[in-house]
Amino acid sequence: MASVSATCPRFQPLFSHSNKTGRAAGLKLVSVGWAKCTGFPSLKASRFRVSCSAKPETVEKVIEIVRKQLALKPETVLTSETEFVELGADSLDTVEIVMTLEEEFDINVEEESSQNITSVQEVADLIEKLVQQKSQGES
């Protein structure tokens, strides 16, 4: 399932657009002008993210493997957004998780790809991508 999300916050300065500063209640007030965003957000000025969400069963399998590799307690809550750092995982733990996932899904994860994964969702998305590439290569 593909999704597209974008953010384009609008900021209205509380003070006039000038470089003047003022003092109120002992605080230094500085006015800042922000560009307004109308219509589709500019990729240059806004955050824009396109992601392909992995199947729920892939996410669950990744969670199961992460839980086992890191010897997490059953009450530890894991979601697709859980980051490995939050769980106390270091780079060696991440390598071990990736190796287990390679065996489980019969895929090969490039070293560059494995260094960029930080969350359960990122791992699941990468697995989906690699499994799809593998199946297209066998066809």
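Quick note: structure is the one above.
Let me sum up the structure you'll find in this document.

What counts and what doesn't
- Residues numbered from 1 in each chain as written.
- Predicted model: local features only at pLDDT ≥ 70, side-chain atom pairs only at ≥ 80, totals over all residues.
- Heavy atoms only, no water.
- Patch = residues over 30% accessible without salt bridge, like charges linked within 9 Å, V, L, I, M, F, W, Y side chains within 5 Å.
- Areas by Shrake-Rupley, 256 points an atom, 1.4 Å probe, with all protein chains shown as cover.
- Salt bridge = Lys/Arg side-chain N within 4 Å of Asp/Glu carboxyl O.
- Helix = DSSP H or I, 4+ residues; strand = E, 2+ residues; numbered from the N terminus.
- Buried < 20%, exposed > 50% of the residue type's maximum accessible area, 1.4 Å probe, protein only.
- Axes fitted to C-alpha atoms, helices over the stretch in contact; angles between N-to-C directions.
- Parallel < 35°, antiparallel > 145°, perpendicular 65-115°, else oblique.
- Left-handed = near helix turned anticlockwise from the far one by under 90°.
- Contact = heavy atoms within 4.5 Å.
- Nonpolar A, V, L, I, M, F, W, Y, C, P; charged D, E, K, R; others polar.

1. Topic: a nonpolar patch on the surface
Right, on to step 1. Residues L92, V95 and M99 make up a contiguous nonpolar surface patch of about 280 Å² in total accessible area.
Right, on to step 2. Within the secondary structure layout, M99 lies in helix α2 (residues 91–105).
Right, on to step 3. We classify M99 as partly exposed; its relative accessible area is 46%.

2. Section: the packing of helix α1 (residues 56–69) against helix α4 (residues 120–138)
Right, on to step 1. Remark: α1 packs on α4, axes separated minimally by 9 Å, with the N-to-C direction vectors making an angle of 120 degrees. One finds that α1 runs oblique with respect to α4. As α1 packs across α4, the resulting crossing turns out to be right-handed. Judged by residue contacts, T58, V59, V62 and I63 of α1 engage V120, Q121, V123, A124, I127 and E128 from α4.
Right, on to step 2. Of the residues that constitute the contact of α1 with α4, the class distribution is seven nonpolar, two polar and one charged.

3. Some words on the packing of α1 against α2
Right, on to step 1. Where α1 meets α2, the closest approach of the two axes is 10 Å, and the angle between their N-to-C directions is 135 degrees. As the angle between them shows, α1 and α2 are arranged oblique. Crossing handedness for the pair α1 and α2: right-handed. Here α1 contributes T58, K61, V62, I65, V66 and Q69 to the contact with α2, which in turn contributes E96, I97, T100, L101, E104 and F105.
Right, on to step 2. Residues of the contact of α1 with α2, tallied by class, amount to six nonpolar, three polar and three charged.

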